[in-house]
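One-letter residues, chain by chain:
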Amino acid sequence: HEISAVLFAYSKLGYNAPSLFDDIAEATIAKLDSFGAKDITSLLRSYAVLGHNCPNLFNAVIQKINDSAYNFMPEEKSNLIWAYEQLGYVAPQLWSTVLGGNSESLLESRKNL
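Report follows, based on the coordinates. Fair warning: this is a prediction, and the values are worked out from it, not measured in the lab. (Residues numbered from 1 in each chain as written. Predicted model: local features only at pLDDT ≥ 70, side-chain atom pairs only at ≥ 80, totals over all residues. Heavy atoms only, no water.)

### Brief notes about the overall build of the chain
Helix and strand counts for the chain stand at seven helices and zero strands. Going from the N terminus to the C terminus, the chain shows its helices and strands as α-α-α-α-α-α-α. Here the chain, with 113 residues, has 42% of them falling under the buried criterion. The long-range share in the chain, meaning contacts at least 24 apart out of those at least 6 apart in sequence, stands at 74%. Summing over all exposed atoms, the chain offers an accessible surface of approximately 6300 Å²; the carbon and sulfur share of this is 52%. (Helix = DSSP H or I, 4+ residues; strand = E, 2+ residues; numbered from the N terminus. Buried < 20%, exposed > 50% of the residue type's maximum accessible area, 1.4 Å probe, protein only. Contact = heavy atoms within 4.5 Å. Areas by Shrake-Rupley, 256 points an atom, 1.4 Å probe, with all protein chains shown as cover.)

Structure follows, in structure tokens:
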């Protein structure tokens, strides 16, 4: 999605616009069904890089991941967990769902970051 690319660009530039990011989060929640694993990961990572916490978005993503069969690649798993941890979320059920019982591939991908 274009929105994750725009937020990624903002995060790379260190540009933080809280009201814009809050509006984007609310719009994203309404269209979350159309986001793939890579888009979700990129979006949340951008918020985390900027230190911008959007609880409604992060909670909606937890619900979406728990209800869906996303197939996250190891790097996406690592970035997703990093984003949640950066903003202080503790979500053991999400980690279990994302990791699918295979934490070794996650640990391997984190070594390469």
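Let's pick the thread back up.
### What to know about the nonpolar core
Formed by 32 residues in total, the largest nonpolar core has its most connected members in Leu44, Tyr47, Leu57, Val61, Leu80, Tyr84 and Leu94. Sorting elements by how many residues they give to this core places helix α3 (residues 37-50) first, with seven residues. (Core = buried A, V, L, I, M, F, W, Y, C linked by side-chain atoms within 4.5 Å.)

### Considerations on the pattern of salt bridges
Under the criterion given, the structure shown has one salt bridge. For aspartate 33, the salt bridge is made with lysine 64, and the minimal N-O distance between the two is 2.9 Å. With aspartate 33 in the loop between α2 (18-30) and α3 and lysine 64 in helix α4 (residues 55-67), this pair connects stretches of sequence that are 31 residues apart. Residue classification places aspartate 33 among the exposed residues on the basis of a relative accessible area of 67%. (Salt bridge = Lys/Arg side-chain N within 4 Å of Asp/Glu carboxyl O.)

### Remarks on the layout of surface pockets
Of the pockets and cavities examined, the largest pocket occupies roughly 150 Å³. Considering each element in turn, the lining of the largest pocket owes the most residues, four residues, to α3. Of the residues assigned to the lining of the largest pocket, the class counts are one nonpolar, three polar and four charged. (1 Å grid on protein atoms, 1.4 Å probe; cavity = no way out; pocket = protein on both sides within 12 Å on 5 of 7 lines; lining within 4 Å. Points joined across faces, edges and corners; volume = space filled by probe spheres on them. Nonpolar A, V, L, I, M, F, W, Y, C, P; charged D, E, K, R; others polar.)

### Some details on the packing of helix α1 (residues 2-13) against α3
Between α1 and α3, whose axes approach to 9 Å, the crossing angle comes to 25°. When the interaxial angle is binned, α1 and α3 end up roughly parallel. Regarding α1 and α3, the two cross each other, and that crossing is left-handed. The residues of α3 that touch α1, namely those facing Ser4, Leu7, Phe8, Tyr10 and Ser11, are Asp39, Ser42, Leu43, Ser46, Tyr47, Val49 and Leu50. Classifying every residue of the contact of α1 with α3 by side-chain character gives seven nonpolar, four polar and one charged. (Axes fitted to C-alpha atoms, helices over the stretch in contact; angles between N-to-C directions. Parallel < 35°, antiparallel > 145°, perpendicular 65-115°, else oblique. Left-handed = near helix turned anticlockwise from the far one by under 90°.)

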